[in-house]
Amino acid sequence: MISIPRPWPKIREECGVFGIYGHPEAAKLAYFGLYALQHRGQESAGIISSDGKNVREFKAMGLVSEVFNEARLKELKGHLAIGHVRYSTTGSSILQNAQPFCIRHSGCALALAHNGNIVNAGAIRHELEARGSIFQTTMDSEVMVHLLARAGIKGLENAITSMMGAVRGAYSVVIGTEDSIIGLRDPFGFRPLCIGRLGKAYVLSSETCALDLIQAEYIRDVAPGEVVIIDANGLRSFKGIESHKRAHCIFEFIYFARPDSYIFGQNVYSFRKTLGAALAKEVDVKADFVMPFPDSGNYAAVGYAQAAKIPLELAVIRNHYVGRTFIQPSQSMRDFGVRVKLNPVKEMIYGRRVIIMEDSIVRGTTSLTRIRAIREAGAKEITMLVSCPPIRFPCYYGIDFSTSGELIAENHSVEEIRRFLELDRLHYLSIDAMLKSAGGDPNSFCLACFNGHYPVPVDDYKGKFQLEQ
């Protein structure tokens, strides 16, 4: 018997970062860039700008469209800007922890926007505090700022190299100063970061979808371990730290990144379709149609339907006008939080053999509610196909399932999960098939959440709220 996990929301990522240099409306373009990256974090948003002398900033809790308006953007004057959207993976969701995080040290401004998770942040912070450092937040990102400030006497480039040698974990970072923006990635390349160009301006972004929105040209990715500096002299780069092994987060492809983005050299939409086609090779299910729960399983469902030669139907309708909060109904209206967002088309489902495509199952509670709605609509048989392997291990590199016990597949077999979800059949994509779908070097991905092999040691990581204890 499976005990029902805590009613956490579906998987969440941690952040999106954006930077632009050399444009008279840098803050406005940063706003649009963050708007395109909103899927990566919905807790807070912030932009810092500079005209070469004065640094201005604004950040607040909420969505990008809630935080910024025309008046606020006009106040953020300057030809360079960096921005951030956050979902917290270290530190609470409070304004104090919103980014970009900006300090003044030795008369200079330094702002940092971070996507990832530093696994040894607790140990570094303890050591810095013992030497007299005073911290303003409970984010792992602030540790990087302190390390940069302490090594600042060596010059910014040497300070960045020193910082990268001290921290361990996942980081794609955009830094802003009065007269430059800087992009850097950890040596494993866990999280994406790309470079674009808009006329004479340069852009840094977590995903290419933000480049598309502002009509910037994609140039290339920031390489793992690389540091890119953009200033009045143009773009130059150097190796901040040696990169011996790639560990791109495959969950960026499966779930997080927008399907219209290119990350790690591949298109996300095509990757997800290929996962669906791979499922059709692994399992032969007799069904009347395949359907996704919008929007998570959409593209794998397309791939499966084409490969299996069975119809694709959109038999669950999503309400696009549901905000993040709404008036709660009475207790008698069961599962209202799910039903208000997704509603089955009973006429399509009644008496049919249905395949539901999902991109992942984390805790299972949301899936169970949705499956029950399909059953109540009169489905004759329900099969669920999942376009990734079972998630059995916590992630410490920036996905918010970093606590043992939150994952339904951690201590339960596929058959036990099938019974818990009240399904007729359940099949997960195998790791081998997933890697074959990925193409390229199968050793270039982080698979820790599937197989427990962590590329970076996590022994000293104490959890999301480690810096608040």
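Right, let's walk through the structure included here. Everything numeric here is computed off the predicted structure, so don't read it as measured data.

Judged by how many residues are buried, strand β20 (residues 353–358) sits mostly within the fold: five of six residues are covered. The pairing of strand β17 (residues 289–292) with β20 spans four bridges and is classified as parallel. Following the sheet pairing, methionine 291 is matched in β20 by isoleucine 356. Pairing analysis gives six bridges linking β20 to strand β21 (residues 381–386), with the strands arranged parallel. Bridging from a neighbouring strand, arginine 353 pairs with glutamate 381 of β21.

Take the side chain of glutamate 142 next. Structurally, the position occupied by glutamate 142 is in helix α5 (residues 141–150). Although glutamate 142 is buried, it forms no salt bridge, and the closest oppositely charged side chain is arginine 125 at an N-O distance of 4.8 Å. Other than its neighbours up to four places away in sequence, glutamate 142 contacts Phe101, Ile134, Phe135, Gln136 and Thr137.

So, about the sheet that holds strand β13 (residues 234–239). Spatial ordering of the open sheet is given by β5-β6-β7-β8-β12-β13, a layout of six strands whose pairing is antiparallel. Either end of the sheet is taken by a strand with one partner, and the two such strands are β5 (101–105) and β13. When strand polarity is set aside, the average angle formed by the axes of neighbouring strands in this sheet is 20 degrees. In this sheet, strand β12 (residues 226–231) lies alongside strand β8 (residues 181–185) in antiparallel orientation, the contact comprising four bridges. When the bridges of β12 are listed, leucine 184 appears paired with valine 227.

Turning next to the pattern of salt bridges. Summed over the entire model, instances satisfying the criterion amount to 22 salt bridges. With a closest N to O distance of 2.6 Å, aspartate 260 and arginine 258 form a salt bridge. The class of aspartate 260 is partly exposed, set by a relative accessible area of 33%. We classify arginine 258 as partly exposed; its relative accessible area is 28%. Two residues, arginine 353 and aspartate 288, come together in a salt bridge whose shortest N-O distance is 3.5 Å. Pair noted here: arginine 353 is in strand β20 and aspartate 288 is in the loop between α9 (268–282) and β17, with a separation of 65 residues, a long-range link. Given the relative accessible area of 28%, aspartate 288 is considered partly exposed. Among the charged side chains, a network of salt bridges with common partners joins Arg40, Arg191, Glu207 and Glu252.

What follows covers the layout of surface pockets. Taken as a whole, the second largest pocket encloses approximately 340 Å³ of empty space. Taken together, 17 residues form the lining of the second largest pocket, with His105, Cys108, Leu110, Gly152 and Leu156 sitting closest to its centre. If you list the elements that add at least two residues to the lining of the second largest pocket, you get β5, β6 (108–118), α5 and α6 (156–166). By residue number, the principal contributor to the lining of the second largest pocket is β6, which donates three residues.

Moving on: the pairing of β5. Here β5 runs beside β6; their pairing, made up of five bridges, is antiparallel. Considered in β6, the bridge of cysteine 102 is made with alanine 111. Taken together, β5 and the strand that follows it, β6, pair antiparallel across an intervening segment of two residues, in which serine 106 is found at a positive phi of about 55 degrees.

Once that is clear, we can look at the sheet that holds strand β9 (residues 194–198). Strand pairing in a sheet takes place through backbone hydrogen bonds and is either antiparallel or parallel in direction. If you walk across this open sheet you meet the seven strands as β3-β2-β4-β1-β10-β9-β11, and the pairing is antiparallel. Of all the strands in the sheet, just β3 (55–61) and β11 (217–221) have a single pairing partner and so form its edges. Strand-to-strand twist in this sheet, taken as the mean axis angle between neighbours without regard to direction, amounts to 15 degrees. Sheet analysis places strand β1 (residues 15–21) next to strand β4 (residues 80–86), joined by seven bridges and oriented antiparallel. Residue pairing across strands places tyrosine 21 opposite leucine 80, the latter belonging to β4.

Definitions and cut-offs
Residues numbered from 1 in each chain as written. Predicted model: local features only at pLDDT ≥ 70, side-chain atom pairs only at ≥ 80, totals over all residues. Heavy atoms only, no water. Buried < 20%, exposed > 50% of the residue type's maximum accessible area, 1.4 Å probe, protein only. Helix = DSSP H or I, 4+ residues; strand = E, 2+ residues; numbered from the N terminus. Pairing = 2+ DSSP bridges. Lys, Arg positive; Asp, Glu negative; His and termini not counted. Salt bridge = Lys/Arg side-chain N within 4 Å of Asp/Glu carboxyl O. Contact = heavy atoms within 4.5 Å. Axes fitted to C-alpha atoms, helices over the stretch in contact; angles between N-to-C directions. 1 Å grid on protein atoms, 1.4 Å probe; cavity = no way out; pocket = protein on both sides within 12 Å on 5 of 7 lines; lining within 4 Å. Points joined across faces, edges and corners; volume = space filled by probe spheres on them.

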